[in-house]
Amino acid sequence: MATEQQHQLQQEQPQHEQQKQEEEAAAMLVAVTTCKYSNRVLLKTILKRDDGGVGLVGKRVLIGGWVKSSKEEIKDPVPPPPPPQAVDKESKVEISCVEIIQSRIPFFRSIINVLGGGNYHVREKLEKPAPRPPPPSIAFLQVSDGSCVATLQVHVASSIAPPCQLLPIGTCILVEGVLMQPSVPRKHVIELKVERILHIGTVEHDKYPLSKKKVPFEMLRDYSQFRPRTTTVASVVRISNALTFATHTFFQNHGFLYVQVPIITTTDCEGFSEKFQVTTLLGKADIKVKPNTRNDTDGVGPEVIKSAVKEKSKVIEELKRSESNKEALTVAVQDFHKTNELASQLEAREKSKPGTSLKADINFSEDFFARQTYLTVSGRLHLESHACALGNVYSVGPRFRADSTKRVAEMSMIDIEMAFSQLEDAMSCADDFFKFLCKWILDNCSEDLKFVSKRINKTCIAHLQSMISTTIEKISYADAVNSFKQVADNKFEKKLEWGDDLTADHLSYLAEEIYNKPVIIYNYPKEVKPFYARLNDDRKTVAAFDMVVPKAGTLISGSQNEERFDMLSSRIKELGLPREQYEWYLDLRRHGTVKHSGFSLGFDHMVLFATGLTDIRDVIPFPRSCGKANN
């Protein structure tokens, strides 16, 4: 009996080992599964393995990507022929005679040329020896396909393709070969030896803007079509992608429904925003265009403002020399800064106007929509209609502001609305959502974050980690104003009084200097927040909030929205807004009104915060700003 059991175990053991080998082989195949729609292997499936890809040595793969850097190595030259052996004297004489005859060939050719005329030049050209072929070489290419930070070293023999076609930075290749370990130890543990080339997308080296290894961000903004090919921007795009996925994951997990809101709207969603007009009538023959005599500053032109700046500068210099009235000097400096800022704004507006300032006399009833329409500045008002029917909803999309003082005119925003919720619920959701985004990036973008921390901001990983573990501080607007009374007067240009809007400098000071962590400021004066924010019992403040993060500024703004018809109607009238634009919005209060709240997160600002970059134009794929729209 024991013998039979031993025999059975001996039979099962090879079967078990074979099954294990098959599982390992299957795992390897899964690790380098080709793309279903392009039949190539993503480099991250090779390079992001725990062994760096060594376990795939000997495997044949098809990869495609773009050359990040390159070099050419000449193969060892063919050894020279051995020196001639010694010969006898007769042989020497015979060889010497041949050499003498050969040395006289040019002389004979000259005689033939004289006797035969000019036709010898043709024969001479034909007799010229063919140029020597270039010595064999190998092109070593660092190739990236955008799936990860790392690059794969690819080497191509000159017998397969001319190195001059492969070496320029930016060249696109699709190649097939065998993965192998480098013969000489290098920083790469695996490389691809190419056996077949299926495609070469050549580059005009002199005209390609990324031919240089290091190109400043300022220059890259003019070539947004090529920016993703840089390692930094590629990392930014992958982090942005992860944040988008995290957004949908968070809200879908919490029972929210995704809703697409319109880009074109008839409503000013905030009541006081700078909007882009949408029309199809400009340029048509029947449109009358007349000079615009109205000036944006009530008759005060840029030259008048510039002259005032000069005069105020002289006043400051005189006060500095006198050193008698420091208070007057402080006031004069503040006045100078304001005037200078106004001059800059006017100059920017003048530059943004195409040629002569003209005003079109447009009959909008003949327009495409038969009324005035705009690009939306927010999606929250339209989301309310779905929240008041479906509960909790969210949207992700572009929002537009025609404000020449802003760095960009188009930004991506995440808007949410929740029915049966109040201000505290919106603030709690904003806190949870922000922390979820930070954790998601840390868990899913470790390689890109390591690169970003090395090249851009060394503290970005630690900063994200601290956001997860920190308890957010919540203070009222009144408490925020009181806290600035303890700050030295020279810290800010103007002393903050109740009713003033908190500037970006004030908000950053709260988060970075006073509390050193994220801060939510709530219950703002009604004058500084949108008309739809719910009026509090004091009739002076509204249930609105801002979430401010150290080194990032305001990332989230939200509110509990006014559900009372009379109150909302009064606010629209008080602000002088065109009521006809908001009748559809008021209908939500007339029929089945409900308490509801929500917020907006600046998606591009979140990417900026995560990567540590300083200019929002560097995280937007195609940034649009005043005077800038290249493609």
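Our structure is the block above this text.
Residue positions are counted from 1 within each chain, in the order its sequence is given. For a predicted model such as this one, the threshold for reporting local features is a pLDDT of at least 70, and the threshold for listing and counting side-chain atom pairs is 80 or more; totals across whole chains, interfaces and linings nevertheless cover every residue. Only hydrogens and water are set aside when side-chain values are computed; all heavy atoms of the structure are taken into account.

## Description of the sheet that holds strand E3 (residues 152-157)
Then, number 1: Only when DSSP finds a minimum of two bridges between them are two strands counted as paired. Numbering goes from the N terminus for both helices and strands, where a helix is a DSSP run of H or I of at least four residues and a strand is a run of E of at least two. Pairing is mixed around the closed barrel formed by 5 strands, whose spatial order is E1-E2-E3-E5-E4. Strand-to-strand, the axes of this sheet are offset by a mean angle of 55 degrees, without reference to chain direction. Fitting a line to C-alpha atoms yields each axis, with helices limited to the stretch in contact; the angle taken between N-to-C directions then spans 0 to 180 degrees.

## Some words on the pattern of salt bridges
Then, number 1: Throughout this description, the term salt bridge denotes a Lys or Arg side-chain nitrogen within 4 Å of a carboxyl oxygen of Asp or Glu. Overall, the coordinates contain 30 salt bridges when judged by the stated rule.
Then, number 2: Between Arg196 and Glu176 there is a salt bridge, with its nearest N and O atoms 2.6 Å apart. Of the two residues, Arg196 sits in strand E5 (residues 191-201) while Glu176 sits in strand E4 (residues 172-180), which places them 20 residues apart along the sequence.
Then, number 3: Accessibility here uses a 1.4 Å probe with only protein chains present; expressed as a share of the type maximum, an area under 20% marks a residue as buried, one over 50% as exposed, and anything in between as partly exposed. Look at Arg196 and you get partly exposed, because its relative accessible area is 46%.
Then, number 4: By relative accessible area, which is 18% here, Glu176 ends up buried.
Then, number 5: Linked by salt bridges that have partners in common, Arg221, Arg227, Arg407, Asp615, Arg617 and Asp618 make up one network.

## Considering the pairing of strand E16 (residues 541-549)
Then, number 1: The buried fraction of E16 amounts to 9 of the 9 residues, a majority that puts the element mostly inside the structure.
Then, number 2: Pairing of strand E15 (residues 519-525) with E16 involves 6 bridges; the strand directions are antiparallel. Bridge assignment links Tyr522 to a residue of E16, and that residue is Phe545.
Then, number 3: Where E16 lies against strand E17 (residues 553-561), 6 bridges are found, and the strand directions are antiparallel. Across the sheet, Met547 pairs through a bridge with Ile556, a residue of E17.

## Things to note about a nonpolar patch on the surface
Then, number 1: Only residues above 30% relative accessible area that lack a salt bridge enter a patch, with like-charged residues linked at up to 9 Å and the nonpolar side chains Val, Leu, Ile, Met, Phe, Trp and Tyr linked at up to 5 Å. Under the convention used here, a 1.4 Å probe and the Shrake-Rupley method define accessible areas, while residue burial counts only the protein chains that appear. Together, Ile263, Ile264, Phe368 and Phe369 line one region of the surface with nonpolar side chains, adding up to about 380 Å² of accessible area.
Then, number 2: Structurally, the position occupied by Phe369 is in the loop between strand E10 (358-361) and strand E11 (373-375).

## Let's talk about the environment of Val154
Then, number 1: Secondary-structure assignment places Val154 in strand E3.
Then, number 2: Taking the C-alpha atoms as reference, Val154 lies 5.8 Å from Phe140; in sequence the two are 14 residues apart.

## A look at the pairing of E4
The side chains of a regular strand alternate, first on one face of the sheet and then on the other.
Then, number 1: Of all the 9 residues making up E4, 7 are buried; the element is thus mostly covered by neighbouring parts of the structure.
Then, number 2: Two strands pair when backbone bridges link them, and strand E1 (residues 60-74) and E4 are joined in this way by 7 bridges, in the antiparallel orientation. Residue pairing in the sheet places Trp66 in a bridge with Cys172 of E4.
Then, number 3: Of the pairings in the sheet, the one linking E4 to E5 comprises 9 bridges and is antiparallel in character. By the bridge assignment for E5, Val178 is matched with Lys193.

## Quick look at the packing of helix H12 (residues 423-444) against helix H14 (residues 460-469)
Then, number 1: For the pair H12 and H14, interaxial distance at closest approach is 9 Å and the crossing angle is 140 degrees. Compared by their axis directions, H12 and H14 come out oblique. By crossing handedness, the relation of H12 to H14 is classed as left-handed. The residues of H14 that touch H12, namely those facing Phe434, Lys435, Cys438, Lys439, Ile441 and Leu442, are Ile461, Leu464, Gln465, Met467 and Ile468.
Then, number 2: Note that Gly is not counted as nonpolar here; it falls among the polar residues with everything else outside the nonpolar set of Ala, Val, Leu, Ile, Met, Phe, Trp, Tyr, Cys and Pro and the charged set of Asp, Glu, Lys and Arg. Split into classes, the residues belonging to the contact of H12 with H14 amount to 8 nonpolar, 1 polar and 2 charged. Small angles under 35 degrees read as roughly parallel and large ones over 145 as roughly antiparallel, with 65 to 115 read as roughly perpendicular and the rest as oblique. Two helices cross in a left-handed way if the nearer one is turned anticlockwise from the farther one by less than a right angle. They cross in a right-handed way if the turn is clockwise. Contacts are assigned to residue pairs with any non-hydrogen atoms lying within 4.5 Å of each other.

## Let's talk about helix H19 (residues 603-611)
Then, number 1: Burial of H19 is extensive: 8 of the 9 residues sit out of reach of the surface.
Then, number 2: Phi for Gly612, located one or two positions after H19, is positive at around 85 degrees.

## Side note on the environment of Met467
Then, number 1: Along the polypeptide, Met467 turns up in helix H14.
Then, number 2: Of the residues examined, Met467 reaches a relative accessible area of 3% and is grouped as buried.
Then, number 3: Considering only alpha carbons, one finds Met467 and Cys438, 29 residues apart in sequence, at a separation of 7.2 Å.
Then, number 4: Beyond its immediate stretch of four places on either side in the chain, Met467 contacts Phe434, Lys435, Cys438, Pro518, Val549 and Phe609.

## Some thoughts on the packing of aromatic side chains
Then, number 1: Two aromatic rings from Phe, Tyr or Trp, using only the six-membered ring of Trp, form a pair when their centres are within 6.5 Å; if the ring planes differ by under 30 degrees the pair is stacked, by over 60 it is edge-to-face, and anything between is tilted. Enumeration over the complete set of coordinates arrives at 22 aromatic pairs.
Then, number 2: With centroids separated by 4.9 Å and ring planes inclined at 75 degrees, the aromatic side chains of Phe368 and Phe369 adopt a geometry described as edge-to-face.
Then, number 3: Look at Phe368 and you get exposed, because its relative accessible area is 61%.
Then, number 4: Overall, Phe369 belongs to the partly exposed group, its relative accessible area being 37%.
Then, number 5: The structure contains a cluster of three or more aromatic residues connected by ring pairs, namely Phe245, Phe250, Phe251, Phe256, Tyr258, Tyr394, Phe433, Phe436, Trp440 and Phe599.
Then, number 6: Think of it as a cone above the ring: NZ of Lys or CZ of Arg counts as a charge over the ring if it is within 6 Å of the ring centre and within 35 degrees of the ring normal. A cation over a ring is seen here: Lys275 above Tyr374, with NZ or CZ 4.9 Å from the ring centre.
Then, number 7: Lying across the ring of Trp498, Lys540 places its NZ or CZ 5.3 Å from the centre.

## Considering the packing of H12 against H19
Then, number 1: H19 packs onto H12 with a crossing angle of 50 degrees between their chain directions and a minimal axis gap of 12 Å. When the axes of H12 and H19 are compared, the pair comes out oblique. When the axes of H12 and H19 are compared, the crossing they make is right-handed. Here Phe434, Leu437, Cys438 and Ile441 of H12 lie close against H19, whose contacting residues are Met606, Phe609 and Ala610.

## Things to note about the sheet that holds strand E8 (residues 277-278)
Then, number 1: With antiparallel pairing, the 3 strands of this open sheet are ordered in space as E7-E11-E8. Bordering the open sheet on either side are strand E7 (264-265) and E8, each of which pairs with just one other strand.
Then, number 2: Bridge count between E8 and E11: 2 bridges; the pairing is antiparallel. Bridge assignment links Gln277 to a residue of E11, and that residue is Tyr374.

## Digging into the nonpolar core
Then, number 1: Here the nonpolar core consists of buried residues drawn from Ala, Val, Leu, Ile, Met, Phe, Trp, Tyr and Cys, with membership extended through side-chain atoms lying within 4.5 Å. Counting 52 residues, the largest nonpolar core has Phe251, Phe434, Phe545 and Met606 as its most contacted members.
Then, number 2: The dominant element in this core, judged by the number of residues it contributes, is H12, at 12 residues.
Then, number 3: Aside from chain neighbours lying at most four places away, what touches Phe251 is Phe256, Tyr394, Ile414, Ile416, Cys429 and Phe433.
Then, number 4: Formed by 24 residues, the second largest nonpolar core is a distinct cluster that contains Ala161, Leu166, Ile173 and Leu192.

## Regarding unusual backbone geometry
Then, number 1: Even without being a glycine, Asn523 presents a positive backbone phi close to 60 degrees.
Then, number 2: On the secondary structure map, Asn523 appears in strand E15.
Then, number 3: Residue Asn523 is classed as partly exposed on the basis of its relative accessible area, which comes to 24%.
Then, number 4: Positive phi, normally seen in glycine, also occurs at Arg539, with a value near 65 degrees.
Then, number 5: Structurally, the position occupied by Arg539 is in the loop between E15 and E16.

## Thoughts on the environment of Leu43
Then, number 1: With respect to the helices, strands and loops of the structure, Leu43 is situated in the loop between helix H1 (2-31) and helix H2 (44-47).
Then, number 2: Setting aside its immediate chain neighbours within four residues, Leu43 contacts Ile63, Val143, Ser144, Asp145, Ser147, Cys148 and Leu152.

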